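A structural walkthrough
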Amino acid sequence: DAKTTQPTSMDCAEGRAANLPCNHSTISGNEYVYWYRQIHSQGPQYIIHGLKNNETNEMASLIITEDRKSSTLILPHATLRDTAVYYCIVLRDTGFQKLVFGTGTRLLVSP
Amino acid sequence: GAVVSQHPSWVICKSGTSVKIECRSLDFQATTMFWYRQFPKQSLMLMATSNEGSKATYEQGVEKDKFLINHASLTLSTLTVTSAHPEDSSFYICSARDSTAGRGMNTEAFFGQGTRLTVV
C-alpha cells in the first residue's frame, strides 16, 4: 500500500474550517484514500473515504487532486470536539485489507 | 451504525498473570478482525489479523505465543496476553469490517473503544 505524509500538527480556531492535507504520491489506481481520527483514549473513528471523486458526508469533505497524489480533509466548521489525531490511509480495494496507521496529524481546535 | 465492543475497558493485573480481552461485533458478522496496540503518544501498531475458524496472522516482531488470538465465532475475537509484564502495559484496540459487505467492496473498519492494560 502507498505511504502517506501528513503534517505533525495543526491548529484551528473554533468555527473555522480545518483543512488537513495528505500526500500520497505513490498511490496506484486501485487504492482508496481513507480518513480516520482518534480522540484521546478512544478507538479510531471512520470519517470518510474516496477513490478519485470528491466526497462529502455529514462529518467532512474529502478533496482528491486530479492526479490523486494528494488529498485534503475538510472539517467545515471545526468544534472543540474535533480535537484529535487525524490519519490518512491508502488502501487497496481487494477485500479486507488491514489498516496500517502512520503518525497522523494532531489537530487542536481552540476557542 | 455498526458497533464494535471491547471488554474490559481497562484492567490491572499482576506481573506473570494472563489477561483476556474480548472484541465483539454487535450488529454485523466479521470473519476478520484486527488487533492493535498503542503506547502513549504513539500511533496504533497492528499486532495481528484474527481469522474466524483459522489461525491468526501475526505482524513481524509480535510473539504469537505471548499474544494468543482466538476467533471462535463470526462476532467474537479474543486476545490473551500471557504471562504479562509491565512492558505489556498499553492500550489495546480491535477493529472489524462487515463480512457480508462482500470481498472487493470497500467498506470502513469499525473500532472498539479500546482496553487499557496496566501490568503491575
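Residues numbered from 1 in each chain as written. Chains lettered and ligands numbered in written order. Predicted model: local features only at pLDDT ≥ 70, side-chain atom pairs only at ≥ 80, totals over all residues. Heavy atoms only, no water.

**Brief notes about the overall build of chain A**
Within chain A one finds zero helices and nine strands. N-terminal to C-terminal, the α/β element order of chain A is β-β-β-β-β-β-β-β-β. The C-alpha atoms of chain A give 13 Å as radius of gyration, which agrees with the globular expectation for 111 residues (13 Å, within 12%). When its C-alpha atoms are laid out on the principal axes, chain A stretches across 40 × 30 × 25 Å. Buried residues in chain A amount to 46% of all 111 residues. A total accessible area of about 5700 Å² is found for chain A, and carbon and sulfur atoms account for 49% of it. If you average the places of the 10 positive and of the 10 negative side-chain charges in chain A, the two averages end up 5 Å apart. (Helix = DSSP H or I, 4+ residues; strand = E, 2+ residues; numbered from the N terminus. Rg over C-alpha atoms; globule rule 2.2 N^0.38 Å. Buried < 20%, exposed > 50% of the residue type's maximum accessible area, 1.4 Å probe, protein only. Areas by Shrake-Rupley, 256 points an atom, 1.4 Å probe, with all protein chains shown as cover. Lys, Arg positive; Asp, Glu negative; His and termini not counted. Charge placed at Lys NZ, Arg CZ, Asp CG, Glu CD.)

**Structural notes on the nonpolar core**
Of all hydrophobic cores here, the largest spans 23 residues; its most connected members are B:Trp35, B:Phe67, B:Leu79, B:Tyr92 and B:Leu117. Breaking this core down by element, the ones donating at least two residues are strand S2 (10–13), strand S3 (19–25), strand S4 (32–38), strand S5 (45–51), strand S7 (67–73), strand S8 (76–81), strand S9 (90–96) and strand S11 (115–119) of chain B. Ranked by size, the runner-up nonpolar core spans 21 residues in total, among them A:Ile48, A:Leu62, A:Tyr86 and A:Cys88. (Core = buried A, V, L, I, M, F, W, Y, C linked by side-chain atoms within 4.5 Å.)

**Side note on the environment of B:Gly16**
Residue and element names in this part refer to chain B. Tracing the sequence through the fold places Gly16 in the loop between S2 and S3. On the basis of relative accessibility, which here comes to 43%, the residue Gly16 falls in the partly exposed class. In this structure the C-alpha to C-alpha distance between Gly16 and Thr118, which are 102 residues apart in sequence, comes to 12 Å. Look past the residues within four positions of Gly16 in its chain and what remains in contact with it is Ser83 and Ala84. (Contact = heavy atoms within 4.5 Å.)

**Some points on the environment of B:Cys13**
Residues and elements named next belong to chain B. In this structure, Cys13 sits in strand S2. The exposure class of Cys13 is buried, given its relative accessible area of 8%. Taking the C-alpha atoms as reference, Cys13 lies 6.4 Å from Thr118; in sequence the two are 105 residues apart. Among residues more than four places away in sequence, those in contact with Cys13 are Val19, Ala84, Leu117, Thr118, Val119 and Val120.

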